[in-house]
Amino acid sequence: MSGTALRLSKISKGYGTSQVLRGIDLAVDAGEFMTLVGPSGCGKSTLLKILAGLDQPDDGVIEIDGEIANQLRPSKRNIAMVFQSYALYPHMRVRDNLAMPLIMANLPFAARMPVIGGLVPGTNAKRRQINAAVGEVSTTLGIEALLERKPSELSGGQRQRVALGRAMVRQPGVFLMDEPLSNLDAALRTQVRTELVELQRRLKATFVYVTHDQVEAMTMSDRIAVMMDGAIVQIASSAEIYAAPADIRVARFIGSPPINILPADIGDQGEVRLFGESENLRTDLMPGDRAQIGIRPEDVIVAAQTTLRSACSPHEARIRLIENLGNEVILHLNIGGETEVTARLAQREWSAIRESSSDPNLVRVGLPPQRFLVFDSTGSRVQTEEIRDSKRLEVVS
Ligand code: ADP
Ligand code: MG
């Protein structure tokens, strides 16, 4: 399959007076891993339920494989959904949990009866097919050894895998997943994350994956759709979302530690001004306009108090807090008593700074304008260009 697997056009949905989805447009390619990410309450689950057919939009069109699907019942949509709470049948063995979707779809009511079922023509052949399908899925997921157990005899990760298997047995073209890893502990989450990505590659299925966790979104997806307040703000690859956020809310939501946002304004020549000083960076904003500068913690240059000599106006900064993560260090800094800036640097770099520093509480900080993301007063990002050759930052040893 190729082309567009799913297309949502102008989907809106309200509950009572509150508008939950505001005109969502989203196209997902066949075989794509698309992640919907956004803060809790922004409408992700509502959108997924509408895709699955478990809820109806007030307005808008749902297309699946090029066909309008608004009126299609969930079972006719060739879509499987995996929820956060995996809702396995507690009294059934794993084997029967996995077989259930196929039994419901393929065996008529009488054939499902334990005793007379065997008398319904064709039942035994269908049962054999179902067993084969269950066997295949359990091999794919590595859960063959668990088939005779009840859900209560499984760990969280194993239960999650069974829930996934139950979605897989019908070989849907599209998998919808609503925060499927949030009940797992951190280590397991990382492992299942990798497994899911591998699984998606192998199945060549279309995945729409919902999470509020930006790390999951960044690591798993072909593309990410960032949702805020019932609308999709940006759809792009992880790399682009990070390096070129379209909106200040996206910039703030993606990245850990979060991006630094500094108030700025536009000078007489159209140049960006930070701390009242002109930077060699221009935008289309008008003189006197207010702006906001975003700079990622790893783009903040830190040097020992005495050694940074530079054009991108080095600032003296007081160290408020040091978070030592082993391989790297996060510094929480204060410039001029009022501006808080977070910097992130390699452990080695930090040790060198420490050694050559005369005052352990002070460093010098450079904010290179070529790394600025500039946003207008409404929070939309604006294009920038350097005014002249960027003056280079010099570290004197
Ligand atoms: P998310 O999955 O992004 O956390 P949801 O889609 O679950 O967000 O919910 C979005 C908003 O819609 C929330 O404010 C929620 O309270 C509201 N909402 C969701 N379902 C219903 C419902 N059945 N009735 C009323 N409000 C709802
Ligand atoms: Mg949700």
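Residues numbered from 1 in each chain as written. Chains lettered and ligands numbered in written order. Predicted model: local features only at pLDDT ≥ 70, side-chain atom pairs only at ≥ 80, totals over all residues. Heavy atoms only, no water.

Undergrad: Looking at this model, I keep getting lost on the pairing of strand S9 (residues 223-228). Mind explaining?
TA: Regular strands show a simple pattern: their side chains alternate between the two faces of the sheet. In terms of residue burial, S9 counts as a mostly covered element, since five of its six residues are buried. Direction of pairing for S9 relative to strand S10 (residues 231-236): antiparallel, over a ladder of five bridges. By the bridge assignment for S10, Met228 is matched with Ala231. In textbook terms, the turn of a hairpin is the stretch between consecutive antiparallel strands, and for S9 and S10 this stretch comprises two residues, one of which, Asp229, has a positive phi near 55°. (Buried < 20%, exposed > 50% of the residue type's maximum accessible area, 1.4 Å probe, protein only. Helix = DSSP H or I, 4+ residues; strand = E, 2+ residues; numbered from the N terminus. Pairing = 2+ DSSP bridges.)

Undergrad: What am I meant to see in the pattern of salt bridges here?
TA: Close approach of charged atoms allows side chains with opposite charge to pair. Inspection of every chain in the model, using the stated rule, returns 14 salt bridges. One salt bridge connects Arg22 with Asp229, and the closest N-O pair in it is separated by 3.8 Å. Here the residue Arg22 occupies a position in strand S2 (residues 18-29), and Asp229 occupies one in the loop between S9 and S10, the gap between them amounting to 207 residues. Residue class for Asp229 comes out exposed when judged on its relative accessible area of 52%. The partner of Asp96 in a salt bridge is Arg93, with the nearest N and O atoms 3.2 Å apart. Through salt bridges that share partners, Arg93, Arg95, Asp96 and Glu148 make up one connected network. (Salt bridge = Lys/Arg side-chain N within 4 Å of Asp/Glu carboxyl O.)

Undergrad: Is there a simple way to explain the site of ligand 1 in this structure?
TA: Taken together, Tyr15, Val20, Pro39, Ser40, Gly41, Cys42, Gly43, Lys44, Ser45 and Thr46 make up the full set of residues near ligand 1. At 3.0 Å from an oxygen atom of ligand 1 is found a main-chain nitrogen or oxygen belonging to Gly43. Coverage of ligand 1 by the protein amounts to 56% of the 560 Å² it exposes when considered alone. Top contributing element to the shell around ligand 1 by residue count: helix H1 (residues 44-52), with three residues. (Near = heavy atom within 4 Å. Polar contact = N/O pair within 3.5 Å; in protein donor to acceptor, adjacent residues only side chain to side chain. Areas by Shrake-Rupley, 256 points an atom, 1.4 Å probe, with all protein chains shown as cover.)

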